[in-house]
Every structure is written in C-alpha cells, then in structure tokens.
Number of protein chains: 2
Amino acid sequence: MNPKRREPIRESEFHEWLRSLLPPAEGVTVGIGDDAAVLDASGPVAAACDILVEGVHYDPRETLPAQIGAKAVNRNLSDMAAMGLQPRWLLLSAAIPPGIPEASLKEMVLAMKAAGERFGAVLVGGDTVRSTGPLVLDVTVLGPVGELEPVLRTGAAPGDRILVTGELGGSILGKHLLFTPRVKEGLFLNRRHCPSAMIDVSDGLEMDLFRLLDASRAGALLDGDAIPVSDAARRLAARTGRDPLVHALTDGEDFELLFTLPPERADALLDDPDLFFPVTAIGMVTTADKRAIMINGKEEPLKGEGFDHIF
Amino acid sequence: MNPKRREPIRESEFHEWLRSLLPPAEGVTVGIGDDAAVLDASGPVAAACDILVEGVHYDPRETLPAQIGAKAVNRNLSDMAAMGLQPRWLLLSAAIPPGIPEASLKEMVLAMKAAGERFGAVLVGGDTVRSTGPLVLDVTVLGPVGELEPVLRTGAAPGDRILVTGELGGSILGKHLLFTPRVKEGLFLNRRHCPSAMIDVSDGLEMDLFRLLDASRAGALLDGDAIPVSDAARRLAARTGRDPLVHALTDGEDFELLFTLPPERADALLDDPDLFFPVTAIGMVTTADKRAIMINGKEEPLKGEGFDHIF
C-alpha cells in the first residue's frame, strides 16, 4: 500500500481486496462476492440504514479517512443500540469521488470493518460507484432479534421516567467523530430492564425526545437541573455565548440513548449493581398536551429543536 | 402538491408524508418510523444494496424524477432476481441536494414505491440527508430465502450451457431507464430449472460473465452468432461505427439474467411449455484456461470488458 499512489483504483481490484479481508462469519451463508448476501438470523431481523455525506456530516479538511469510516458505521450501530439489539451484519454502499488515494480508501474501509467488529458486526456486502460530487457512505445494519423484544419508540406512558446515558452537548468539538455507539448499553437495558421506549440522540435531545413522544402519543416534563451537560457543551457555550443547557438540549450527534421506564423499574435500574455506565433521570412522561422543561422553578415550553435536515 | 413550490422541505415533514404512504405489510413487524425496521422472514434472508448517483447513472437534464426513482429500485430488484429470490423489503437512503422541488422528490419516492410493489417489495425504512453535491439514492433490498436455494455465481461447471434472457446492447438509448428487472424470470428459473449459476448483466455481458466464471473457477466459449443483439445495439452501432456485437458484449445496464445449466436441463428449459420469456443459449462453460468467442468460425479471445467504475 503506497500512500502516495494516486492512480485510479479499479472497482474490480478494490472488491477483490475487500473479499480478501473477510473470513467466513457466523450466520453468513453467502458473503461478499455474489449478487446478494445470504444471512441466517434464525428468526426476525432488524434493519436500518444511515447515510454519511462529506461536507454535511464531517469536514473533509479536518477528518481522517479512518474517522470517516468509523463514524459511518458507528452512527448505524447506534440505531441498533436504540432497538436494544445486537448488530450482526453490515452492507456498505460508497459513492467515491475520483482521485481519492487508494491508501485513504483502504484506511476508511478498514476502519469500518474494525468499528463493526468491535461490536460483533461483520461486513457482508455492498456496492461501490464513482461519485460526481462528495464522498457518500451508506451503511445498512442488520441484527437478529433473537430471544429479545426490540425496544420501540412507541411504548412510553404517562408517569414513566425519562432517562439518558452519558452527557450531552457540544459534540461538534470532537465527540461526533469519537463517540462510542451504546450497543452494550442498549443490550444491557433491553435484557435486564426492558425500557418502555428508546431512541438514540442523533439530532439533539429535544428533537429526538419529540420523536419518541410523537411515536408514543405522549408529552414530557424535563428537569432542567438534571440534564447531564457535558464539558464540551460548556466549552462550546463559552464560544457561542449561549447557555450550556441549550447546547445539551439541542446539539446533535451525541449518540447517547434516551429511554423511558416506569418509576419502580427506573429505580431498579439506577440501583442495579451491574450498571456499568452513567444513566441520569431527566424528567417524566406526561399526557400528550405538555412538552416542557423546569428551569429555575419555572416551566418553559420545549420546542423540539435540533438538527432537521432541510433539502 | 404544487410542482412550482421551491421552499425548503423539512426532513421531519417529508418523513411524515412517507409514513402516511405505507400501510402494514406482510412480515413487517415494525416499518418506517423507528430506529430500525423489524422484519420476519421465517428463515434466512438475502440482502443487497445498489447506489445510484446523479451524473453517473443518469443524466439529470434528460431524466424524469419518476425514472430516477424507478431505476434506483429496479437495479436493486435485479440483484434479487439474479439470486432467483423474491424481493420483499426495501430500505432507501437518499442524499438530497438543496433546492430539489418537493413535487420532484415525492414523484421520485412514489416511483420507488411503485417499482418495489410491482414485484412484491415494500419500503420499510431508510434515511434522508442533505447532499452537498449530486443526488445519491442507495437502496437495500431484503428477500426471504424461503423454501428456495439462492442461485449463486459459483456453481457453473465445464460442459454447462450459458444462457441469457432477452436481448443485449445499446441500453443507453433508453432501456437503462425503462428496463424490467427479471424478478419473475429469476424465480421461474430457480423454482423450475435450478440454474447452476446466475448473475444479472449490469456492467456488460463480457464483464458479468467473467465475474460468474471467476466465482466458478471456470472458462467459457461463446458462440458469436448466437448472442441476442438488440435493435438498440444496432442503432447505437450505426452511430458509433462499432460492430453491434461489440455493443451487445460490452454495454452495461441491460439487467438481463445470465445463467448456466447442464445441457439436458438447458434443453428442458428451452422446451418448457410454460417458459414465458425469451432465453437464448449463447455458449458453453469450459475449464478455466479458456475465455473465447467463436466469430466467423474463428476463436477470438474475450477480454472481460464492460463498465468498471474507476474512482
């Protein structure tokens, strides 16, 4: 691998390299190299896709190929985490601009492979084409449901507690490239505590909370003092002049899990001696008419703000 | 729907419209609107993805939104046809450039939906983002294997006949947008005649034949007089000054099925009274050292030419 090589890369050679990387894997009857992969989930499968675009999801001047590849896969694994399921197979589609160095392309793919394998998901197929514009990576993840129940967005009920993993806000300062998808956390929550609803925070706490509430036909009252505001949110706030809490509520790409549990089960989770990650109770599910946050003893309306792509 | 509207389209509103289009469907436990779709295939599933890029796979100045959408899905269904399987579920990822009229976007999605439903495949999820460049559509298709065996590329053996559906060449004159994915043909072939190997002709007969032969570690001798040269190949040849046969051998995007069968089973297929589509025997599988075509009684070497994306 010569990092200075800028000769064109042929799709056929690139595919051969890809195939050589991938040994047989569990449940993969047919892997890369045929018209489709054939996968044996021994039951229902969950499937999700996430598309990453150069210049939208990352700044190409400041992002390493390995970071791009890892982000593309980790965003996708986060969807499976939000279902409380095990990701097992990945399909990768890439639209590749001309002139990308072969070494960069391979670093990117190796990072995708590593990001998947870190959480038990292997590459089983995909498609590569030339792009006339930015690099576009679309990853499809498939996960067997197995003996679990997928955790949907629809099950939150008035009275449930609202909880979140980790800390929020300011991910643009670095976490958006370096985050860990909460696959293990999602599986732990699903296996041991059965959240009534769950979603990953990809477009901002408020916006993703609204999605969960819309799906559950419910409302919420958040406790402004309880929101786990990250150091990054504070640092970013020092630059933007906004309140760190606003960053925690509306910044995207934290990829933490936002979920709901009836009060007694929320207490059981918070008291679980095996709980291996930070979880914070940040509010309560209400009837659908209310969407508010308590700040300094006063109820302020929530607007559901966050990152809404506008085409 | 106002075709003149050029106001920005919000992702959230677009998703709501999408959800409203899609009724519950067989095997879809969870459809659009959660972190992942949950699908029940009652057994193994085949999965493939295909990415379509504006300016690479179609000329935006000459292509209607409905044609773009249909092509994106039909290419993808063709992969499932090449496995001899029933496509059932589609995931759609779209990177959408700013300023695309809402009516065009909706026409495109409705065409994707219709293209899928024509062959029994429903939209169950996806992702939409803003693009900084061309429109990119990536479609993932999933199909239950059911009681069938997937037809792989790997099973061609010396002595097998090589057959192809339909006619080849010159698809750029129109068929590349208007082709019918050979889903019914693929299922018919798999159910009744069990091809030893099969692939769809997406990048040209020679190149896709080479892929099948590489996978099967075999060679081939084609009969130049037998290749079903399309009218479009002849019309294109009149413009390019090349031999129509060259267009039939190397033009991409015909999306016909290329497959192999032992001689007696090839005869049985050609004599099958229920055969409802044109099939032509075009040559024979040989040992791996030979890749040639008989033209005017002379063996010419095949080079495996076709459309190889160069990045």
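Numbering of residues starts from 1 in each chain and follows the order in which that chain's sequence is written. Working convention: letters from A go to chains and numbers from 1 go to ligands, in the order in which they are written. In view of the model being predicted, local features appear only for residues whose pLDDT reaches at least 70, and side-chain atom pairs are presented and counted only at 80 or more, with totals across whole chains, interfaces and linings using the full set of residues. Side-chain metrics in this entry use all non-hydrogen atoms of the structure; hydrogen atoms and water are not considered.

Student: How do you make sense of the interface of chain A and chain B when you look at a structure like this?
Tutor: A common way to report how large an interface is uses the accessible area buried once the components associate. When checking whether two residues touch, look at their non-hydrogen atoms; a contact exists if any pair is within 4.5 Å. Contact with chain A, which involves 69 residues of that partner, is made by 69 residues of chain B. Buried area, as used here, totals the accessible surface that two parts lose on assembly, with accessibility defined by a 1.4 Å probe and the loss added over both. Surface buried jointly by chain A and chain B totals about 5,600 Å² across both partners, of which 60% is contributed by carbon and sulfur atoms. For Arg75(B), the salt bridge identified is with Asp127(A), shortest N-O distance 3.7 Å. N or O atoms within 3.5 Å of each other form a polar contact, as long as, within protein, one can give a hydrogen and the other can take it, and as long as residues adjacent in sequence are counted only when both atoms are side-chain atoms. The tally of links from chain A across to chain B stands at 17 residue pairs in polar contact (both at pLDDT 80 or more). Mapped by element, the contributors of at least two residues to the side of chain A that touches chain B are helix H1 (11-21), strand S2 (37-39), strand S3 (45-53), helix H2 (65-82), strand S4 (89-96), strand S5 (122-130), strand S6 (136-144) and strand S8 (197-200) of chain A. When residues of the side of chain A that touches chain B are assigned to their parent elements, the largest contribution, 8 residues, is made by S3(A). Split into classes, the residues belonging to the side of chain A that touches chain B amount to 40 nonpolar, 14 polar and 15 charged. Any two strands with at least two DSSP bridges between them are considered paired. Put simply, DSSP marks the helices as runs of H or I at least four residues long and the strands as runs of E at least two long, and each gets a number from the N terminus on. Looking at chain direction, S3(A) and strand S2 (residues 37-39) of chain B are connected through 3 bridges and run antiparallel. By the bridge assignment for S2(B), Val45(A) is matched with Leu39(B). Salt bridges are defined by distance alone: a side-chain nitrogen of Lys or Arg within 4 Å of a carboxyl oxygen of Asp or Glu. Nonpolar residues are Ala, Val, Leu, Ile, Met, Phe, Trp, Tyr, Cys and Pro. Charged residues are Asp, Glu, Lys and Arg, and all others, Gly as well, are polar.

Student: Just checking my understanding: could you explain the pattern of salt bridges for this structure?
Tutor: Side chains that differ in charge, positive against negative, can pair when their charged atoms come close. Applying the stated rule across the entire model yields 44 salt bridges over all chains. One salt bridge connects Arg153(B) with Asp35(A), and the closest N-O pair in it is separated by 2.9 Å. Note that Arg153(B) is positioned in the loop between strand S6 (136-144) and strand S7 (161-165) and Asp35(A) in the loop between strand S1 (28-30) and S2, a pairing that runs across two chains. Asp35(A) matches Arg153(B) in its accessibility class, with the two residues each being buried. Three labels apply to residues, based on accessible area from a 1.4 Å probe with only protein chains included: buried if under 20% of the type maximum, exposed if over 50%, partly exposed otherwise in between.

Student: Where do I start with the sheet that holds strand S11 (residues 279-286) of chain A in this structure?
Tutor: Residue and element names in this part refer to chain A. Judged by pairing direction, the sheet is mixed, and its 7 strands sit side by side in the order S8-S10-S7-S11-S9-S12-S13 without closing on themselves. Across the chains shown, the open sheet's two edge strands, defined by having one partner strand only, are S8 and strand S13 (298-301). Taken pair by pair, the neighbouring strands of this sheet meet at an average axis angle of 25°, ignoring direction. In this structure, strand S12 (residues 291-295) lies alongside S13, joined through 4 bridges in antiparallel fashion. Within S13, the position partnered with Ala 292 by the bridge is Pro 301. Every angle, taken between N-to-C directions, lies between 0 and 180 degrees, and every axis is a line fitted to C-alpha atoms, over only the stretch in contact when it is a helix.

Student: Please clarify how the relation of the copies chain A and chain B should be interpreted in this entry.
Tutor: Relating the two copies of this chain is a rotation about some axis coupled with a shift parallel to it. The superposition of copies rests on a least-squares fit of C-alpha positions from residues with pLDDT of 70 or more in both. Mapping chain A onto chain B is achieved by rotating through 180° and translating by 0.0 Å along the same axis, at an RMSD of 0.0 Å. What the superposition gives is, in effect, a two-fold axis relating one chain to the other. It is Gly133(A) whose C-alpha, among those of chain A, lies nearest the rotation axis, at 2.4 Å.

Student: How should I be thinking about the sheet that holds strand S4 (residues 89-96) of chain B in this particular structure?
Tutor: Strand pairing in a sheet takes place through backbone hydrogen bonds and is either antiparallel or parallel in direction. Pairing in this open sheet of 6 strands is mixed, and the strands run S1(A)-S2(A)-S3(B)-S6(B)-S4(B)-S5(B) from one edge to the other. Unpaired on one side and paired on the other, S1 of chain A together with strand S5 (122-130) of chain B mark the two borders of the sheet. Adjacent strand axes in the sheet meet at a mean angle of 20°, parallel and antiparallel pairs treated alike. Note: S1(A) against S2(A), 2 bridges, orientation antiparallel. Bridge assignment links Val30(A) to a residue of S2(A), and that residue is Val38(A).

Take it as geometry only, folks, not as evidence of what the structure does.
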